[in-house]
Amino acid sequence: MAAYLLLLVAVVSRVIPHAPWWHFTAVTPCLLYFGAKRPWREMLAPLAALITTDCYLTVFQYHGFRIGWESVISWGWYLAAMLLGSALLRKRVTFARGAAGALLGPTSFFLVSNFGVWAFNSFNEYPRSLAGLAACYWAGVPFYRNDLLATSLVLAVVLGLPELVRRMHQARAQEAVAGK
């Protein structure tokens, strides 16, 4: 149930109006968490929800944009992020594994999505040169920073809170046994 609530938060965080500098969404932590906590037969749900959200945003909010190869590359990354969550966090959740997910998820999206924009964007904002690729990555740094922050905070809550509650209950149980 938590994975589906997080998916709802991810979709809402994408579609609600926010300042361009904010760009604080729950997409990356949602995909990592889904990969870690849900069976593979359920992976179509976040994929379909996020692709639908991308299509909605492209048609109704990002005027002048179109769905192209750069979108398909992002959608492939959605699947890869769930694979990453499964590989890192399905069997065992530790601080190091959560931190690795919080770093690798946004970093991989930054690298893949900005390459897709540079290589396939129909507006040709960036020249097809090393300097153009560097300019494209540089323009994505503010979004990368915010994705790192959002992913770190959301993963800390959804992975750390259950562990904290478990440890508190365990400590109370030990105190109760010791007090008898």
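Predicted model only: the values in this text are computed from it and were never measured.

*Asks:* Can you help me understand the packing of helix α4 (residues 69-89) against helix α5 (residues 95-120) in this one?
*Replies:* In helix packing, the relevant descriptors are the interaxial angle and the interaxial distance, both defined with respect to the helix axes. Between α4 and α5, whose axes approach to 9 Å, the crossing angle comes to 165°. With respect to α5, the axis of α4 lies roughly antiparallel. In the packing of α4 onto α5, the handedness of the crossing is right-handed. Counted by class, the contact of α4 with α5 contains 13 nonpolar, 7 polar and 2 charged residues.

*Asks:* When you look at the pattern of salt bridges in this model, what are you seeing that I'm missing?
*Replies:* Close approach of charged atoms allows side chains with opposite charge to pair. Within this structure, the stated rule accounts for 4 salt bridges. Asp 54 is the salt-bridge partner of Arg 14, the closest N and O atoms lying 2.5 Å from each other. A residue pair is termed long-range when its members are at least 10 positions apart, and Arg 14 in helix α1 (residues 2-15) and Asp 54 in helix α3 (residues 44-60) qualify at 40 residues. Taken individually, Arg 14 and Asp 54 each receive the classification buried, so the pair is uniform in this respect. Close ionic contact of Arg 166 with Glu 163 constitutes a salt bridge, the shortest N to O distance being 2.4 Å. With Arg 166 and Glu 163 both in helix α6 (residues 130-179) and 3 residues apart, the pair spans about one turn of that helix. The exposure class of Arg 166 is partly exposed, given its relative accessible area of 43%. Connected through salt bridges with shared partners, the residues Glu 163, Arg 166 and Arg 167 form a single ionic network.

*Asks:* How should I be thinking about the environment of Leu 79 in this particular structure?
*Replies:* Along the polypeptide, Leu 79 turns up in helix α4. For Leu 79, a relative accessible area of 37% puts it in the partly exposed group.

Conventions and cut-offs
Residues numbered from 1 in each chain as written. Predicted model: local features only at pLDDT ≥ 70, side-chain atom pairs only at ≥ 80, totals over all residues. Heavy atoms only, no water. Axes fitted to C-alpha atoms, helices over the stretch in contact; angles between N-to-C directions. Helix = DSSP H or I, 4+ residues; strand = E, 2+ residues; numbered from the N terminus. Parallel < 35°, antiparallel > 145°, perpendicular 65-115°, else oblique. Left-handed = near helix turned anticlockwise from the far one by under 90°. Nonpolar A, V, L, I, M, F, W, Y, C, P; charged D, E, K, R; others polar. Salt bridge = Lys/Arg side-chain N within 4 Å of Asp/Glu carboxyl O. Buried < 20%, exposed > 50% of the residue type's maximum accessible area, 1.4 Å probe, protein only.

In short, the description is geometric, and any link to function would need to be established separately.
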